[in-house]
Amino acid sequence: MGAQTLAHGTHSHANQGSVSLVYEQSIAANQLIKDAYAVVAEPEKLFDLQLRLERAQQRSEDALAIVNRHLGQIGELFDAVHLGPDADFSQMALSGEPATTERSSTLPILSLDKGLRVQEGADYAWAGPDVAPGRIAPAWLFGGQVKSQRTVRATINESAIGEIEYFRLFSSEDDHSGFMAMARLVGTEQGRELQFFRVGLEWEETQAARFAEVTGLSETEATLTGFIVRGRTLADYAQERNRSIGTARNQIKAVFRKLGINSQSELVSLYAGFVKSLSLQQISIPREDHSAFGQEVRLPDGSHLRFERYGKAGGRPVLWLHGAIEGPYLPSLVQQRAHAAGLELFAPWMPYFSEVVPPSDTRSTIEEFAAKLDAFCDAVQIDQCALLACSVSCAYGFAAAKLLPHRFVGCVGFALLIPLQDIADEDDVNPFWRAPLVLARSSPRTVDMLVRAVVRLAMRGEAFRYYDRLFKDSPLDLATLHRPDVRAVMRKAFLNRPDKAQRAMAHALLVQLLDWSDWLSESEVPTRIIVPEFDAVHKPASQLAFCERYGITPVGPVKGLGAFSMFQAPQLVFAELAALFDG
């Protein structure tokens, strides 16, 4: 009897435990559903939600299945709210700057009268209460330099209204670097005032290279000028370049002599004027032989294929299969490097960029596009060329090399995305990238939602909320994405897609769920993969293992290189392509 009672009690407790577990899972699933609907209002919430869904899937398939039943409705709701016919895509941008405590650079951070008394002082720009209306500007504001104070006083008293000068200001007594500020003399009812604005100049590579070329600066002198323009000091330059401060001073004096100026402020002013003249097209930058946009060829099957063309006309031909977020566009500096390397790049629009309707079958889409490249080469009069592929387009490159070995002297790839089946340990993949792919095995709609969320953020100019998290372990790539020339290319890609909502982008991500082995086994086309030192998605060791498995020649890991190799070291990429022709 006791044993029966004990057994009954044990069974009862087991039932209670089972019911309790089901109840807890139900609560968890309901919370996930609630959070999924919240994505419609706050798209950035999707990213953490996907990580939680992946963990829930590892514990139980039921949670994902329950949420999946709602994703279709959530997607329709998202489209109705954000991506309808009246949607405004004019602000599309990949990467902006997150909100900070600083105000707009169009507002003065400081205004001084002829007695150096503060008329206006933005409290967010200065440490402590010393820079406040009615107070005399403290000496530390000018770095404790009497000469700077005298120059400011003379500017207020002697310069013409509207005249602009540049000064280095300091935010506190402990600030030893300071920042560059533009000063404009204005007339007010109280008299003459000098208004200071924080300088927002950027040492953008293309403009900087043109500035150095026009002014005759050496590479070292241009680097030093970049430090000053960005508001940094000679001490910063000396420390980072492993030089003495005396050497740095001598170098900046040489820059002054070459440019016919006498101060760092004049140097900043000269560069600012140069950049402004570029924007007004007062100075023309020679364009490459070919940089027409949106050319189109008609193929024998009656379809049309748009493409971009860069580099040296008649140079060694390269078929560039572009990535997903930059599209078929290149910064001017990369175009110039292609021209210098004697290469002519042809960039056909990839399906995930040009399609309006998402492909129904990812493998067929890749192989059909790869087959079209044969007719494309005939249309642009290419007999044989090199292949250049990156990121998701590597799959297309491998397929094209397998199907059309007679067309290609070789293939170079970078920013390699590895199929999940070829990854020994999925924990080696960035979880922020892995989660939607793992979920897509059971629910492809999760990838659709990811694309929707990133597009919506881009419409607000806030896509950095996604990319900053994705690339947080690769500062080099993150810095590349925030470069002005790269941001401009990304924005151009956003705005020129036939489908601004980018529904076909989901296909690009699903490429990693395929088996690529048929395209890679026994390939007749020599292939090289540039392996970077830093990669936010796949560790270099994983890329090396992939190369070894399929007989691909790895280049690297290349020290100081990230996944955006084309933007960071175009000369390296083009040298590898040239080697295919020479080999």
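Note that this is a predicted model, so its numbers are computed, not measured.

Visitor: Hey, could you run me through the sheet that holds strand E11 (residues 408-414) in this one?
Guide: By definition, the strands of a sheet pair up through backbone hydrogen bonds, in either a parallel or an antiparallel sense. As summarised here, the arrangement of the 8 strands in space is E6-E7-E9-E8-E10-E11-E12-E13, forming an open sheet in which the pairing is mixed. Pairing within the sheet leaves two strands with one partner each, and these edge strands are strand E6 (295-298) and strand E13 (553-558). Between one strand axis and the next, the sheet turns through 25° on average, direction left out of account. When strand E10 (residues 385-390) meets E11, the two strands line up parallel, connected through 6 bridges. Opposite leucine 387, over in E11, you have cysteine 411 as the bridge partner. Helix H13 (residues 393-403) rests against strand E8 (316-321), E10, E11 and strand E12 (527-532) of the sheet, and its axis sits at about 150° to E10. Seen against the sheet, helix H21 (residues 540-550) touches E12 and E13 and runs at an angle of roughly 165° to E12.

Visitor: Any chance you could explain helix H14 (residues 431-440) here in plain terms?
Guide: Because each turn of an α-helix spans 3.6 residues, side chains separated by three or four positions in sequence point in the same direction. With respect to burial, H14 is a largely interior element, 9 of its 10 residues being buried. Inspection of H14 places Phe432, Trp433, Arg434, Ala435, Pro436, Leu437, Val438, Leu439 and Ala440 among the buried residues, and these make up the whole buried set.

Visitor: Quick question: what am I supposed to make of the confidence of the model for the protein here?
Guide: Fine structural detail should not be taken from predicted coordinates in areas where pLDDT scores are low. Averaged over the protein, the pLDDT score is 80; the fraction of residues at 70 or greater is 82%. Confidence, expressed as mean pLDDT per element, reaches its minimum in the protein at helix H1 (residues 2-38) with 55 and its maximum at E8 with 97. Segment residues 1-24: pLDDT under 50, and 0 contacts once partners within four positions in sequence are set aside and those in other chains are kept. Here residues 94-105 is a poorly scored stretch, pLDDT under 50, and it has 24 contacts once near neighbours within four places are set aside; other chains count.

Visitor: Looking at this structure, how should I read the nonpolar core?
Guide: When a protein is soluble and globular, its nonpolar side chains tend to lie buried together. The biggest cluster of nonpolar side chains holds 131 residues, and the ones touching the most others in it are Leu319, Phe398, Met566 and Leu577. Per element, the largest residue contribution to this core is 10 residues, and it comes from helix H15 (residues 445-459). If near-sequence neighbours (up to four positions away) are discounted, leucine 577 is found in contact with Val318, Leu343, Ala386, Leu387, Leu388 and Val412. Grouped together as the second largest cluster of nonpolar side chains are 26 residues, Phe211, Ile252, Ile261 and Ala272 included.

Visitor: Help me understand the packing of helix H2 (residues 45-59) against H15, please; the structure alone is not making it clear to me.
Guide: Between two packed helices, what matters for the description is the angle formed by their axes and the separation of those axes. Here H2 crosses H15 at 155°, and the two axes come no closer than 9 Å. When the interaxial angle is binned, H2 and H15 end up roughly antiparallel. Crossing of H2 over H15 shows left-handed handedness. In contact with Leu46, Phe47 and Gln50 of H2, H15 contributes Thr446, Met449, Leu450, Ala453, Val454 and Leu457. Across the contact of H2 with H15, the residue classes tally to 7 nonpolar, 2 polar and no charged.

Visitor: Help me understand the pattern of salt bridges in this model?
Guide: Proximity of charged atoms lets side chains of opposite charge pair with each other. All told, the structure shown has 14 salt bridges when counted by the stated rule. Put simply, arginine 309 and glutamate 344 hold a salt bridge, and the shortest N to O gap is 2.9 Å. Placement of arginine 309 in strand E7 (residues 304-311) and of glutamate 344 in strand E9 (residues 343-348) is noted, with a sequence separation of 35 residues between them. By the burial criterion, arginine 309 is buried, and glutamate 344 matches it. Note that aspartate 582 is salt-bridged to arginine 316, the shortest N-O span being 2.7 Å. With a gap of 266 residues between them, aspartate 582 in helix H23 (residues 570-582) and arginine 316 in strand E8 connect regions that are remote in the sequence. Residues joined in a network through salt bridges with shared partners are Asp374, Asp378 and Arg407.

Visitor: So what exactly am I meant to see when it comes to unusual backbone geometry here?
Guide: Generally, phi is negative for residues other than glycine and the peptide bonds are trans, each holding for most cases. The residue after glycine 556, namely proline 557, is reached through a cis peptide bond having omega 10°. Here proline 557 shows up in strand E13. For leucine 116, which is not a glycine, the phi torsion comes out positive at approximately 60°. Following the sequence through the fold, leucine 116 ends up in the loop between strand E1 (110-112) and strand E2 (118-121). On the accessibility criterion, leucine 116 (1% relative accessible area) is buried. The backbone of alanine 415 shows a phi angle near 55°, a positive value even though the residue is not glycine. Along the chain, the position of alanine 415 falls in the loop between E11 and H14.

Scoring rules and cut-offs
- Residues numbered from 1 in each chain as written.
- Predicted model: local features only at pLDDT ≥ 70, side-chain atom pairs only at ≥ 80, totals over all residues.
- Heavy atoms only, no water.
- Pairing = 2+ DSSP bridges.
- Helix = DSSP H or I, 4+ residues; strand = E, 2+ residues; numbered from the N terminus.
- Axes fitted to C-alpha atoms, helices over the stretch in contact; angles between N-to-C directions.
- Contact = heavy atoms within 4.5 Å.
- Buried < 20%, exposed > 50% of the residue type's maximum accessible area, 1.4 Å probe, protein only.
- pLDDT = per-residue confidence, 0-100.
- Core = buried A, V, L, I, M, F, W, Y, C linked by side-chain atoms within 4.5 Å.
- Parallel < 35°, antiparallel > 145°, perpendicular 65-115°, else oblique.
- Left-handed = near helix turned anticlockwise from the far one by under 90°.
- Nonpolar A, V, L, I, M, F, W, Y, C, P; charged D, E, K, R; others polar.
- Salt bridge = Lys/Arg side-chain N within 4 Å of Asp/Glu carboxyl O.

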